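# Chains, contacts and geometry: an overview
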Amino acid sequence: CETCSKEEAKYRCPRCMKYSCSLLCVKKHKLALSCNGVRDKTAFVSVNEFTDLNLLSDYRFLEDVGRTADAAARHCIVHSPATKRLLYCLRNKARGCNIELKTLPVGFTKRRENSTTFNSVENKFYWHLKLIFPHCHAEYTLKGVPDDKTLADILKPYIDPVESDPVVCQRLKIYTTSPQSDVRILMKIENRNRNSIRYNELDASRSLLDNLKGKVIIEYPTLFVVLKTLKNDMVVLGQDGSEPAQNSDSESSSLSSVEEGEIRDSS
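Because the structure is a prediction, the values reported are computed rather than measured.

Take the side chain of Asp147 next. Locating Asp147 in the fold gives a position in the loop between β6 (138-146) and α5 (151-159). Despite its burial, Asp147 pairs with no opposite charge, the nearest such side chain being Lys124 at 5.5 Å. Discounting residues that sit within four places of it in the chain, Asp147 has contacts with Lys124, Phe125, Trp127, Ser207, Leu208 and Leu209.

Right, dumping it as C-alpha cells:
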C-alpha cells in the first residue's frame, strides 16, 4: 500500500494508479492528492503500450463526445435569444474594461461552471474565479468575487496564517508558513502554442479588474499561486529571456489577431 506502507495492496486507483489496501487508505490518498478516482480517458499512452483495450476505449470516448456535442447543439438554451443577449452583454461590458472575454459553446465544462455576472447598477463584475495551489495539489472555486477586490484580500482566507480557515490552513501549510513576499500569482496567457506556454505575473496589491485589463479570458480567470523558493515549470513572460514582458497596452493591441480556433486548446 502506497498510503500506509503496512498492508498488502488490494486496490489500484484508475486515475493516478496508486496502490491501496483499504477504503480508509483510498480516501486518504484521494484527499492528499486531490484525486477523484475517475479514470482519465485522455491520458497519454505510448505506442509500445497501446493495446486493443486502449483502442476500444478511444472509440467509445469519441462516441461519447459525438453524443454530447449533438445533445448540446439541440439544447434549447443554445438558441435562446435571452442567453445570447446575456452573453453578448457580458462580453461587451468586459471589452469596455479592456478585457477580451471569450465564451465556449454549451456543453463545455467551463461554460457550465461559469457563474460570472455583471451588476449594471453598481457597474461592477462579480467573477467566477478558480485558485490553484500547485505545490499542495489543491484548487478552490470562488463565486461572486467583486472586481474591485484586491488579489491580496482574495487570497487571505487561504494563505494568511491568522485569517485562513484551520482546515484550509493545514492543507496549504507550505503557503501559510512562507513569507508573503515569496508568493507569486500567475495567470496563463491564452491562445499560445502548446510548446510555448507562458504566464503573466499579477500584482497582489491591485484589484482583480486592474490585473485582468489587457488580458484574454476564456469564460473565467484561473489564478496559479506559487512560491518563489520552490521549483515549478511555469515560465513567466519576459523572464525566460526569449520574449519581452507585455504590459496591458501591448497585450490589448494584439487581441484582434487572436484566432478563435485556439479556444479548444485552452479549454
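Moving on, we get to the packing of aromatic side chains. Taken as a whole, this structure holds seven aromatic pairs when the rule is applied. Measuring from ring centre to ring centre gives 6.0 Å for Phe133 and Tyr140, while their planes differ by 75 degrees; the resulting arrangement is edge-to-face. The class for Phe133 is buried, based on a relative accessible area of 0%. The exposure class of Tyr140 is buried, given its relative accessible area of 16%. Judged by centre distance (5.1 Å) and plane angle (80 degrees), the ring pair of Phe133 and Tyr175 falls under edge-to-face. In this pair, Phe133 is assigned in strand β5 (residues 124-133) and Tyr175 in helix α7 (residues 173-176), connecting sequence segments 42 residues apart. Taking relative accessible area as the criterion, Tyr175 reaches 0% and is therefore assigned buried. Positioned above the aromatic ring of Tyr220, the side-chain terminus of Lys110 is 4.9 Å from the ring centre.

Attention now moves to the UniProt feature "domain: HIT-type" (unreviewed entry) in the protein chain. Per the UniProt record, the feature "domain: HIT-type" (unreviewed entry) sits at residues 1-35. This span, residues 1-35, is 31% helix and 11% strand, and a straight line between its end C-alpha atoms measures 16 Å.

What follows concerns the layout of surface pockets. To find leftover empty space, one rolls a probe the size of a water molecule over the atoms. Put simply, the second largest pocket is a space of about 410 Å³. Surrounding the second largest pocket, 17 residues form its lining, Arg39, Asp40, Ala43, Val45 and Asn54 being those nearest its centre. Split into classes, the residues belonging to the lining of the second largest pocket amount to eight nonpolar, four polar and five charged.

Once that is clear, we can look at helix α3 (residues 81-96). Residues separated by three or four positions in an α-helix point in the same direction, a consequence of the helix having 3.6 residues per turn. The first and last C-alpha atoms of α3 sit 22 Å apart over 16 residues, in line with the 22 Å expected at 1.5 Å per residue. Once α3 ends, the next one or two residues include Asn98, with phi positive near 65 degrees.

Let us look at helix α1 (residues 23-33). Every buried residue of α1 is accounted for by Cys25, Val26 and His29. Taken end-on, α1 shows its buried residues confined to a sector of 105 degrees, consistent with a single buried face. Facing away from the buried side of α1 by over 90 degrees, the exposed positions are Leu23, Leu24, Lys27 and Leu31. Tucked into the core, α1 has its buried residues touching β1 (11-12) and β2 (19-20). Where α1 terminates, the next one or two residues include Ser34, which has phi positive at roughly 50 degrees.

Scoring rules and cut-offs
- Residues take numbers from 1 onward in each chain, read along the sequence in its written order.
- Local features in this predicted model are restricted to residues whose pLDDT is 70 or higher, and side-chain atom pairs enter the listing and the counts only when it is 80 or higher, whereas totals over whole chains, interfaces and linings include all residues.
- Computation of side-chain values: all heavy atoms of the structure, hydrogens and water removed.
- Helix numbering and strand numbering both begin at the N terminus, where a helix is a DSSP run of H or I of at least 4 residues and a strand a DSSP run of E of at least 2.
- Each residue is assigned to one of three classes by its accessible area relative to the maximum for its type, calculated with a 1.4 Å probe on protein chains only: buried under 20%, partly exposed between the two thresholds, exposed over 50%.
- His residues and chain termini do not enter the charge count, which takes Lys and Arg as positive and Asp and Glu as negative.
- Take a side-chain nitrogen of Lys or Arg and a carboxyl oxygen of Asp or Glu: if they are within 4 Å of each other, that pair is a salt bridge.
- Working rule for contacts: check all heavy atoms of both residues, and any pair within 4.5 Å makes them a contact.
- Each Phe, Tyr or Trp ring, with Trp reduced to its six-membered ring, pairs with another whose centre is within 6.5 Å; inter-plane angles below 30 degrees give stacked pairs, above 60 give edge-to-face pairs, and intermediate values give tilted ones.
- We count a charge as sitting over a ring when the NZ of a lysine or the CZ of an arginine lies within 6 Å of the ring centre and within 35 degrees of the ring normal.
- UniProt positions are given in the numbering used here, feature names are shortened, and annotations may be inferred rather than shown by experiment.
- Put plainly, a pocket is an open set of points on a 1 Å grid over the protein atoms alone with protein on both sides within 12 Å along at least five of seven lines, a cavity is a set where a 1.4 Å probe fits but cannot get out, and a lining residue has an atom within 4 Å of a point.
- Grid points are joined across faces, edges and corners, and a volume is the space filled by probe spheres set on the points.
- Residues were grouped as follows: Ala, Val, Leu, Ile, Met, Phe, Trp, Tyr, Cys and Pro as nonpolar; Asp, Glu, Lys and Arg as charged; and all remaining residues, including Gly, as polar.
- What a helix should span is 1.5 Å times the count of its residues minus one.
- Here the arc refers to the directions that run from the helix axis out to each C-beta atom.

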